[in-house]
Amino acid sequence: MQLKKIILLPSFLLMTSMTVQAQEPQVIAHRGFWKTIGSAQNSITALVKADSIECYGSEFDVWLTANKQLVVNHDETFKGVTIQKASTKVCTAIELDNGEQLPTLEAYLQKAKSLKTKLILELKSHKTPEQETQAVINITNMIKEMGLEKRTEYISFSLHAVKEFIRLAPEGTPVYYLNGDLTPKELKEYGCAGPDYHLSVFKKHPEWIEECHKLDMKVNCWTIDKPEDMKWLIEHNVDYITTNEPVLLQKQLNKPQ
């Protein structure tokens, strides 16, 4: 009987490990939940809507303005205004498609304090490394002052920005790289929490998903709006899926696979 217990124990531990690893992906709303009435991309309403449907996280984009303030928006030039070259006053005068004003990061985070969803903050690639370093300093200081360090994760296409977040954010803060050109081993060496890559990268290198898990890293994939792509990622055990269709993804996750 004792020998049987010893033999069965490794099998039990293996099954437990597989069960933990095979947990369903978490849903991240891309630029918030904006495909709904009264919302708009990167608006404060989109953040609130993502929280209301219990998304794991709400992704949003951040720029440094000409006067070194932080605003939330995706495009480098939006409605005729190039954000890096404009003042905060000019940027926040822009009206979003739902009638809100383009938000400062401070206003966005103030609202986030009353919500539960994780903040998936993307720093856009700026013209110079110096701008990105300044932005990372300002962002991490503001996140700390707001008491949101445990709810914030960072992503960027800029490897410099990624390295700066790893350097300046509290140890253990999840920081992901978006560009798709680094292997899991390289990401681990830099200190990344994992890759946050386009689907095409994982279709080319599906083995990277398992490699990341063996290295104790998480895997995110963007921006997934088609049911067949969602199904492929669910079957391949990614940890997070970023989507413009969070309700559709939630339905896919609740379907028998």
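Scroll up to find the structure this text is about.
All values derive from a computational prediction rather than experimental measurement.

Enquirer: What is the right way to look at the overall build of the chain in this model?
Expert: Looking only at helices and strands, one finds 11 helices and 11 strands in the chain. Taken against the 2.2 N^0.38 rule, which gives 18 Å for 257 residues, the C-alpha radius of gyration of the chain at 20 Å falls within 12% of a compact globule. Projected onto the principal axes, the alpha-carbon positions of the chain cover approximately 75 × 40 × 35 Å. For the chain, the proportion of its 257 residues judged to be buried stands at 48%. Of all intrachain contacts in the chain linking residues separated by at least 6 positions in sequence, the fraction that spans at least 24 positions is 55%.

Enquirer: I tried to follow the packing of aromatic side chains on my own but got confused; where do I start?
Expert: Each aromatic ring pair is summarised here by two numbers: the centre-to-centre distance and the angle between the ring planes. The full count for this structure, using the stated rule, is 8 aromatic pairs. Here Tyr 154 and Phe 165 contribute two aromatic rings whose centre-to-centre distance is 4.1 Å and whose plane-to-plane angle is 10 degrees, an arrangement assigned as stacked. Of this pair, Tyr 154 sits in strand β7 (residues 152-156) while Phe 165 sits in helix α6 (residues 159-168), and the two are 11 residues apart along the sequence. For the pair shown, Tyr 154 and Phe 165 are each scored as buried. Geometrically, the ring pair formed by Tyr 177 and Tyr 197 is edge-to-face, given 6.5 Å between the ring centres and 75 degrees between the ring planes. Placement of Tyr 177 in strand β8 (residues 175-177) and of Tyr 197 in strand β9 (residues 194-198) is noted, with a sequence separation of 20 residues between them. With respect to burial, Tyr 177 and Tyr 197 carry one shared label: buried. Each residue in the set Tyr 177, Tyr 197, Phe 202 and Trp 208 is aromatic and connected to the rest through ring pairs, giving one cluster. Against the face of Trp 232 rests Lys 203, its NZ or CZ located 5.2 Å from the ring centre.

Enquirer: Is there a simple way to think about the pairing of strand β6 (residues 118-123) in this case?
Expert: Every regular strand shows the same layout, with side chains that alternate between the two sheet faces. Among the 6 residues that make up β6, 5 are buried, leaving the element largely enclosed by the rest of the structure. Pairing geometry for β6 and β7, over 4 bridges, is parallel. In the strand pairing of β7, Leu 121 is matched with Tyr 154. Handedness of the crossover is the feature at issue here: the chain leaves β6, passes through helix α5 (residues 129-145), returns alongside β7, and the resulting connection is right-handed.

Enquirer: Just checking my understanding: could you explain the nonpolar core for this structure?
Expert: Side chains of a nonpolar character, in soluble globular proteins, are inclined to be buried together. Residues Leu 105 and Ile 139 are the most contacted members of the largest nonpolar core, which totals 56 residues. Here this core takes 5 residues from α5, the largest share from any one element. Discounting residues that sit within four places of it in the chain, Ile 139 has contacts with Val 62, Leu 70, Leu 105, Leu 121, Leu 123, Tyr 154 and Phe 165. In this structure, Trp 63, Phe 78, Ala 86 and Leu 102 belong to the second largest nonpolar core, which totals 11 residues.

Enquirer: What exactly am I supposed to notice about the side chain of Thr 88 here?
Expert: Along the chain, Thr 88 turns up in helix α3 (residues 88-92). Of the polar contacts made by the side chain of Thr 88, one reaches the side chain of Asn 67; its length is 3.0 Å. Ignoring anything within four residues of it in the chain, the contact list for Thr 88 reads Thr 65, Asn 67, Gln 69, Val 71 and Thr 104.

Enquirer: What's the story with the pattern of salt bridges in this structure? I'm lost.
Expert: Two side chains that carry opposite charge are able to pair once their charged atoms sit near each other. What the rule picks out here adds up to 9 salt bridges. Where Glu 76 meets Lys 127, a salt bridge forms, and the shortest distance between an N and an O atom there is 3.0 Å. With a gap of 51 residues between them, Glu 76 in the loop between β3 (70-72) and β4 (77-78) and Lys 127 in the loop between β6 and α5 connect regions that are remote in the sequence. Across the pair Lys 231 and Glu 235 runs a salt bridge whose closest N-O atoms are separated by 2.4 Å. Of this pair, Lys 231 and Glu 235 both sit in helix α10 (residues 227-235), separated by 4 residues, roughly a single helical turn. Put simply, Asp 61, Glu 122 and Lys 124 are held in one network by salt bridges that share partners.

Enquirer: What exactly am I supposed to notice about the packing of helix α2 (residues 44-52) against helix α4 (residues 105-112) here?
Expert: Pairs of packed helices are described in terms of their axes, by the angle between the two and the distance that separates them. One can describe the packing of α2 onto α4 by two numbers: an axis separation of 10 Å at closest approach and a directional angle of 25 degrees. Classed by the angle they form, the pair α2 and α4 counts as roughly parallel. Crossing angle aside, the handedness with which α2 passes α4 is right-handed. In this structure, α2 contributes Ile 44, Leu 47 and Val 48 to the contact, and α4 contributes Ala 107, Tyr 108, Lys 111 and Ala 112. Partitioned by chemical class, the residues of the contact of α2 with α4 number 6 nonpolar, no polar and 1 charged.

The rules behind these values
Residues numbered from 1 in each chain as written. Predicted model: local features only at pLDDT ≥ 70, side-chain atom pairs only at ≥ 80, totals over all residues. Heavy atoms only, no water. Helix = DSSP H or I, 4+ residues; strand = E, 2+ residues; numbered from the N terminus. Rg over C-alpha atoms; globule rule 2.2 N^0.38 Å. Buried < 20%, exposed > 50% of the residue type's maximum accessible area, 1.4 Å probe, protein only. Contact = heavy atoms within 4.5 Å. Phe/Tyr/Trp six-rings, centres within 6.5 Å; stacked < 30°, edge-to-face > 60°. Lys NZ or Arg CZ within 6 Å of the ring centre and 35° of its normal. Pairing = 2+ DSSP bridges. Right-handed = clockwise from strand over helix to strand, strands pointing away. Core = buried A, V, L, I, M, F, W, Y, C linked by side-chain atoms within 4.5 Å. Polar contact = N/O pair within 3.5 Å; in protein donor to acceptor, adjacent residues only side chain to side chain. Salt bridge = Lys/Arg side-chain N within 4 Å of Asp/Glu carboxyl O. Axes fitted to C-alpha atoms, helices over the stretch in contact; angles between N-to-C directions. Parallel < 35°, antiparallel > 145°, perpendicular 65-115°, else oblique. Left-handed = near helix turned anticlockwise from the far one by under 90°. Nonpolar A, V, L, I, M, F, W, Y, C, P; charged D, E, K, R; others polar.

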